[in-house]
Amino acid sequence: MKQAKFIHVVILLLSLCLIVVGCNSEVGEKKYTYEELCDMPAMELYDLFLDHGLVVDDALNHIAKERMAEIFKREFERFESGGSFIMSAKGWRELKQDTEEVYEKIKK
């Protein structure tokens, strides 16, 4: 009987640990300075933002990923001054908004 209670307690504690780790998954994520992000190659920067939730509008899917990465990097380098993504089409506006949200999550 004591062994069964012990097993239940262990299972309960393991479950709680998994819940806590799951809820705090962002704690261990690497943070970057604006300069570190600007120093990244275009594809690495673009992939980093995609990995952290950047959504590219369907209207922009016709652009090859390599070209999109180049555009993203060029526009991102203007990000701090508020001049990024000067294109006014809906897809570009949404990309700018998503970029701002991801940047807030990953910046130091």
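Below is a summary of the structure that appears in this document. Bear in mind the structure is a predicted one, so any value in this text is a computation, not a measurement.

Reading the values: rules and limits
Residues numbered from 1 in each chain as written. Predicted model: local features only at pLDDT ≥ 70, side-chain atom pairs only at ≥ 80, totals over all residues. Heavy atoms only, no water. Phe/Tyr/Trp six-rings, centres within 6.5 Å; stacked < 30°, edge-to-face > 60°. Helix = DSSP H or I, 4+ residues; strand = E, 2+ residues; numbered from the N terminus. Buried < 20%, exposed > 50% of the residue type's maximum accessible area, 1.4 Å probe, protein only.

Some words on the packing of aromatic side chains
Here is step 1 of the chain: Scanning all chains against the criterion turns up seven aromatic pairs.
Here is step 2 of the chain: On the numbers, 6.5 Å between centres and 90° between planes, the contact of Y34 with Y103 is edge-to-face. Taken together, the residues Y34 in helix α2 (residues 34-39) and Y103 in helix α5 (residues 90-106) connect sequence positions 69 residues apart. The exposure classification of Y34 matches that of Y103, with both residues buried.
Here is step 3 of the chain: Members of the aromatic cluster, joined through ring pairs, are Y34, Y46, F49, F72, F76 and Y103.

Some remarks on the environment of E101
Here is step 1 of the chain: Structurally, E101 can be placed in helix α5.
Here is step 2 of the chain: Each C-alpha atom, one on E101 and one on F49, is 9.9 Å from the other, the two residues being 52 residues apart in sequence.

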